[in-house]
Amino acid sequence: MSQLPHSRPVLLRPSDKAWPECSAAPWLLQENSDRVLQDTDEAWSTEGTTAHQRAEDYLNAYERGDGPEPPEDALRIYTDYVTSQHALLDGTLLVEHRCSCFYDPEYLGTVDAAIIAPHHLQIIDLKWGTGVDVSPIRNTQTANYARSLIESRAPLREIGIDEPLLDDDVIQVTIIQPRYRGSTPIKSWIVTWQELREFTDLLQSKAELIYARKNLRFEPSEGTCQFCDAKPWCTAHNQWALDNVESMQGSLSAIKPETLAELYKGRKAITKWIATMEKHVARSVSERGYMSKFFGWAPGTRKGNTAWVDMSESALTARLQALFPNFEPQDAYKKTLLSPTQIRDKVLDPLDAETFNNSGLTYRPDPKPTIVPIEEVPPPDEGITDLLA
C-alpha cells in the first residue's frame, strides 16, 4: 500500500482487520510507530510471496493459452478453482490486479484474481498460511477489494460493461486456503451488489470518522487484537487480558457456571496474550538494552527438539533412502524433507525407529538461555555471562 501523509494513519488499509471495530488503533500505531517491533522471522512471508508469484505465472500462461503444467502441490487447489470458474462464467480474468481503495484512492491494493462477467463479479483471494481459518463472510479485505474494483470501472469497461451494476447483480468473494487442514479450503460469500454496497458504505463511514479523529475508541478482543502490531504495549489490550486473569483468582468451585463459561471462552486469548508478552520481552531485551534493568538471562533447562544434523537436504534424503528404501521421506504437498519427529513417530515402525535413532542423522540442540525477571537471575557461578553487557 502507498503511504498517506503523516498527518493521517498510515495503517488504515483494507487488509487490516481491527480498525472497523477498534477505531483508536490506527492513530495509536501512527503516533507510536517507533515502538512497533519488526518481525525477524520472514520465512512465512517469503513462502506466501513465492506461492502468489507461482500462481500468477501459471494463470498468466493459462490466459495466453500456453498450456502450462499445473502446480504439483497444494497450490493447484487455487489454480484449478480459478481456471474452472473462469471457464464456467465465461468472463474476463484479472490476475494480481492493482486497484485504488474506493474510500481512499491513495491506498493501492492487489486483487489476487477476479473474474468479471455480465451481472456477476467474483473476487478470489489466496491465503497460503496454515494456522488461521479465514472466513469470507463480511470479510473487510475482500469486500473492499470487490467494491474498489467495481468503483474503478476500468476493468468493467474493458469487457463492454459501461452501465452501472444493477442492485441484484451477483458479487461473490471467495477465500482459498490450500494448506489449512481445519476446514474446507474453498469458502465463498455470495451477496448482491446492493448488499455489498451497504456493507462497505459502513466501512467507508467508519474510515471517515477515524480520519477526522471522531468517536475513537478501543475495543480489545481476541479477534480485533489478533494481528495488531500495538498488542504488546497497548494499554487497553493489556488491561482487557489482565481483567480476564484477575477474574479467575480464587477457587474455581466458587465461580458461577455462567461466569466460568465466559472465562472459558477467553482461555485462548489469555494464552496468546502471555505468548505475545514473552515474545515482546525477549525481542525488546535483545534489540533494546534499556530493559536490562528489569530482565536478565538464566541457563536453559530443556534441550531443543530433535533436529537434522548440518547436512544438505539432498544428502539427508539419500542417506534415509539408503537406510529405509521402502518409504518416502518428503512431504507430499510441500516437497520438503519431513521433520525427524514426523519420520520417527508417524512413518517408521518401531524396529526401524531404533535404527533411525542410532543413525547419527539427528541431534538434540543444547538448552538455550532464557529471559527471567532480574530478581530470578542466578549468581554468576551458577548462571551464564550477561549477554546484555
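What this report covers is the structure whose coordinates are included nearby. Treat the numbers as computed from the prediction; the structure is a model and nothing was measured.

Remarks on the pairing of strand S5 (residues 186-192)
Across the two faces of S5 the burial differs, with Lys187, Trp189 and Val191 buried and Ile186, Ser188, Ile190 and Thr192 not buried at all. Taken together, the seven bridges between strand S4 (residues 170-176) and S5 define a ladder with antiparallel strand orientation. Note that in S5 the partner of isoleucine 176 across the bridge is isoleucine 186.

Digging into the environment of glutamate 328
Note that glutamate 328 resides in the loop between helix H11 (313-323) and helix H12 (340-347). For glutamate 328, a relative accessible area of 45% translates into the label partly exposed. A C-alpha to C-alpha distance of 9.3 Å links glutamate 328 and leucine 338, two positions ten residues apart in sequence.

Thoughts on the environment of aspartate 169
On the secondary structure map, aspartate 169 appears in the loop between helix H5 (154-158) and S4. Look at aspartate 169 and you get buried, because its relative accessible area is 6%. Counting along the chain gives 25 residues from aspartate 169 to glutamine 194, while the straight-line C-alpha distance between them is 8.1 Å. There is a polar contact of 2.9 Å between the side chain of aspartate 169 and the backbone nitrogen of leucine 166.

Brief notes about the nonpolar core
Within the largest apolar cluster, 30 residues are counted, with the highest numbers of intra-cluster contacts made by Tyr103, Ile123, Leu149, Ile150, Ile171, Trp189 and Leu196. At the level of secondary structure, the elements contributing two or more residues to this core comprise strand S1 (92-101), strand S2 (104-117), strand S3 (120-126), helix H4 (140-152), S4, S5 and helix H6 (193-211). With seven residues, H6 is the single largest residue contributor to this core. Grouped together as the second largest cluster of nonpolar side chains are 19 residues, Tyr58, Leu93, Ala113 and Ile176 included.

Considering the packing of H4 against H6
The N-to-C vectors of H4 and H6 enclose an angle of 110 degrees; their axes lie 10 Å apart at closest approach. Our classification of the angle between H4 and H6 gives roughly perpendicular. Seen from H4, the contacting residues are Thr140, Ala143, Asn144, Ala146, Arg147, Ile150 and Glu151; seen from H6, they are Trp193, Leu196, Arg197, Phe199, Thr200, Asp201, Leu203 and Gln204. Partitioning the contact of H4 with H6 into residue classes produces seven nonpolar, four polar and four charged.

Section: the pattern of salt bridges
Considering all chains together, one arrives at twelve salt bridges under this definition. With its nearest N and O atoms 2.9 Å apart, the salt bridge here joins arginine 64 to aspartate 66. Look at arginine 64 and you get exposed, because its relative accessible area is 57%. A residue is classified by how much of its surface remains accessible, and aspartate 66, at 46% relative accessible area, is partly exposed. Between arginine 197 and aspartate 167 there is a salt bridge; the shortest N-O distance is 3.1 Å. With arginine 197 in helix H6 and aspartate 167 in the loop between H5 and S4, this residue pair connects regions lying 30 residues apart in the sequence.

Description of the sheet that holds S5
Spatial strand order, S1-S2-S3-S4-S5: five strands in an open sheet with mixed pairing. In this open sheet, the two edge strands, each paired with only one partner strand, are S1 and S5. Direction aside, the axes of adjacent strands within the sheet are offset by 30 degrees on average. With seven bridges connecting them, S3 and S4 associate as parallel partners. Pairing of leucine 126 across the sheet is with isoleucine 176, part of S4. Against the sheet, H4 makes contact with S1, S2, S3, S4 and S5, and its axis sits at roughly 135 degrees relative to S3, the strand it touches most. Packing of H6 onto the sheet brings it into contact with S2, S4 and S5, and relative to S5 it is tilted by some 95 degrees.

Quick notes on the side chain of threonine 142
Positionally, threonine 142 belongs in helix H4. In this structure, threonine 142 is in contact with Ile123, Asp125, Pro136, Val173 and Ile175, ignoring residues within four places of it in sequence.

A closer look at the packing of aromatic side chains
Applying the stated criterion across every chain, the model contains four aromatic pairs. With a centroid separation of 5.5 Å and 80 degrees between ring planes, the pair formed by phenylalanine 102 and tyrosine 103 is classed as edge-to-face. Taking relative accessible area as the criterion, tyrosine 103 reaches 10% and is therefore assigned buried. Seen from their ring centres, tryptophan 308 and phenylalanine 356 are 5.9 Å apart, and the 85 degrees between their planes marks the pair as edge-to-face. Of this pair, tryptophan 308 sits in strand S7 (residues 307-308) while phenylalanine 356 sits in helix H13 (residues 350-357), and the two are 48 residues apart along the sequence. On the accessibility criterion, phenylalanine 356 (1% relative accessible area) is buried. Each member of the aromatic cluster is reached from another via a ring pair, and the members are Trp19, Phe102 and Tyr103. It is arginine 213 that lies over the ring of tryptophan 27; its NZ or CZ is 3.7 Å from the centre.

Overview of unusual backbone geometry
The backbone of aspartate 90 sits at a positive phi, close to 55 degrees, despite the residue not being glycine. With a phi angle near 55 degrees, asparagine 215 is a residue other than glycine that sits in the positive phi range. With respect to the helices and strands, asparagine 215 occurs in the loop between H6 and helix H7 (222-225).

How each quantity is defined
- Residues numbered from 1 in each chain as written.
- Predicted model: local features only at pLDDT ≥ 70, side-chain atom pairs only at ≥ 80, totals over all residues.
- Heavy atoms only, no water.
- Buried < 20%, exposed > 50% of the residue type's maximum accessible area, 1.4 Å probe, protein only.
- Helix = DSSP H or I, 4+ residues; strand = E, 2+ residues; numbered from the N terminus.
- Pairing = 2+ DSSP bridges.
- Polar contact = N/O pair within 3.5 Å; in protein donor to acceptor, adjacent residues only side chain to side chain.
- Core = buried A, V, L, I, M, F, W, Y, C linked by side-chain atoms within 4.5 Å.
- Axes fitted to C-alpha atoms, helices over the stretch in contact; angles between N-to-C directions.
- Parallel < 35°, antiparallel > 145°, perpendicular 65-115°, else oblique.
- Contact = heavy atoms within 4.5 Å.
- Nonpolar A, V, L, I, M, F, W, Y, C, P; charged D, E, K, R; others polar.
- Salt bridge = Lys/Arg side-chain N within 4 Å of Asp/Glu carboxyl O.
- Phe/Tyr/Trp six-rings, centres within 6.5 Å; stacked < 30°, edge-to-face > 60°.
- Lys NZ or Arg CZ within 6 Å of the ring centre and 35° of its normal.

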